[in-house]
Amino acid sequence: MTINTKFTETFGVEHPVVQGGMQWVGRAELVAAVANAGALGFITALTQPTPADLANEIAKCRDLTDKPFGVNLTILPTINPPPYDEYRQVIVDAGIKIVETAGSNPAPHLPMFHDNGIKVLHKCTSVRHAVKAQSLGVDGISIDGFECAGHPGEDDIPGLVLIPAAATKIEIPMIASGGFADGRGLVAALALGADGINMGSRFMCTVESAIHQNVKEAIVAGSELDTEMIFRPLRNTARVASNAVSREVVEILNRGGQFEDVKDLVAGSRGVKVYEVGDLDAGIWSVGTAMGLINDIPTCADLVARIVADAEEIITGRLSGMLESEQEENVA
Ligand code: NAD
């Protein structure tokens, strides 16, 4: 049995499961493993130091899978602004057919992507931004609730309200992000009106994710309480793992500090060391509240198969078992 939705049909993937962009994590090995598992993975463009490196990473991913995969382009405040146009050009030249945009209005990028037959899945954190992106002509929405890792926006609306509120207004395929890690989440997202789920932290914690084993074990050991929200006073909120660095950043900014006062603590160039050398206090690293639902380090194939099988079992077993026809009720 498979679960077919508007999302699987429009984006040409087997399962309604997505591994969205993750800075320092969305690399070829993981994305190819996700694709081979029948889900949709995204290489994170800005994880590659230069546009030429992105071209190489895309080529490497193609060597590892024949299935479709995409590239994520995130546009948020950065310490050194990257050459977005050059990354965009590499995506087009490489023949990528699906792009995940995130962080800001996708309008400047849409004409070039659409002119080149690229479908755009726009990740955003509010109903108003989802509606705006739909009106601009994006091909799908990834609506990201307060539970998520990385940048949840400033509205603090969890998925239980955000997903159905968005579903009421969104007609194009929409997947739900933030807090998803298992088959129960997939069924819940479908019930709330989404056409699939996006998972970050859950895919971080897989065999093929090219990050240090210590980070994966910390995710397994961690609970839903073990994250911090940094940059709140700067209106660039990011949910990251709770550690010595993130707690210090929260304290400095709460005392009225400015970005310059925390810049060295939060720099991505420092945070990447966590993933590379496995020192969990080396810098900032992203993880969502779904950490409380992650208890193992499976292969991507096992993970996706398990999520889909569990979702099917919940729908056809547990949920349908709760239904009673009127006739049965009368007999009883
Ligand atoms: P970086 O080293 O440039 O910046 C580190 C962090 O500081 C980032 O979260 C960034 O948004 C924030 N920041 C930078 N300048 C800022 C300013 N003037 N005011 C407030 N906040 C500021 O970034 P990086 O770690 O190399 O990451 C590259 C890109 O990927 C950034 O746009 C970053 O936001 C994004 N990212 C996204 C996620 C996610 O989960 N969506 C996670 C990590 C990074």
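Residues numbered from 1 in each chain as written. Predicted model: local features only at pLDDT ≥ 70, side-chain atom pairs only at ≥ 80, totals over all residues. Heavy atoms only, no water.

The chain is annotated in an unreviewed UniProt entry as 2-nitropropane dioxygenase-like enzyme of Mycolicibacterium rhodesiae.

Got a minute to help me understand the site of the ligand in this structure?
Near the ligand you find 17 residues, and of these Pro77, Ile79, His151, Asn236 and Gly268 are the closest. One of the backbone nitrogen or oxygen atoms of Ile79 is found 2.6 Å away from an oxygen atom of the ligand. In the model, an oxygen atom of the ligand is placed 2.7 Å from a nitrogen or oxygen of the Gly268 main chain. Protein chains bury 79% of the 760 Å² of accessible surface belonging to the ligand in isolation. For the shell around the ligand, the residue count by class is 10 nonpolar, 7 polar and no charged. Here the shell around the ligand spans two domains, since at least three of its residues come from each of domain 1 (13–210 + 298–322) and domain 2 (213–277). (Near = heavy atom within 4 Å. Polar contact = N/O pair within 3.5 Å; in protein donor to acceptor, adjacent residues only side chain to side chain. Areas by Shrake-Rupley, 256 points an atom, 1.4 Å probe, with all protein chains shown as cover. Nonpolar A, V, L, I, M, F, W, Y, C, P; charged D, E, K, R; others polar. Domains from an automatic or database assignment.)

Please explain the sheet that holds strand E2 (residues 40–44) as it appears in this structure.
In sheet architecture, strand pairing relies on hydrogen bonds along the backbone and comes in two forms, parallel and antiparallel. Read once around its circumference, the closed barrel built from 8 strands follows the order E1-E2-E3-E4-E5-E6-E7-E8, with strand pairing classed as parallel. Across 2 bridges, the pairing between strand E7 (residues 174–177) and strand E8 (residues 197–198) is parallel. For Ser177, the partnering residue across the bridge sits in E8 and is Asn198. Those strands touched by helix H2 (residues 28–36) are strand E1 (17–19) and E2, and its axis lies near 165 degrees from that of E2. Relative to the sheet, helix H3 (residues 51–64) contacts E2 and strand E3 (70–74), its axis offset from that of E2 by approximately 155 degrees. (Pairing = 2+ DSSP bridges. Helix = DSSP H or I, 4+ residues; strand = E, 2+ residues; numbered from the N terminus. Contact = heavy atoms within 4.5 Å. Axes fitted to C-alpha atoms, helices over the stretch in contact; angles between N-to-C directions.)

Just checking my understanding: could you explain the domain arrangement of the chain for this structure?
In many reports, interface size means the accessible area that the parts give up when they come together. Here the domain parsing of the chain yields domain 1 (13–210 + 298–322) and domain 2 (213–277). A separation of 22 Å is found between the C-alpha centroids of domain 1 and domain 2. When the buried area of domain 1 at its contact with domain 2 is split by residue, Trp24, Ile79 and Glu154 rank highest and sum to 38% of it. On inspection of domain 1 and its partner domain 2, the count reaches 2 salt bridges. Viewed at the interface, domain 2 and domain 1 are joined by 12 residue pairs in polar contact (both at pLDDT 80 or more). For the side of domain 1 that touches domain 2, a count of residues per class yields 12 nonpolar, 7 polar and 4 charged. (Buried area = accessible area lost by both parts, 1.4 Å probe. Salt bridge = Lys/Arg side-chain N within 4 Å of Asp/Glu carboxyl O.)

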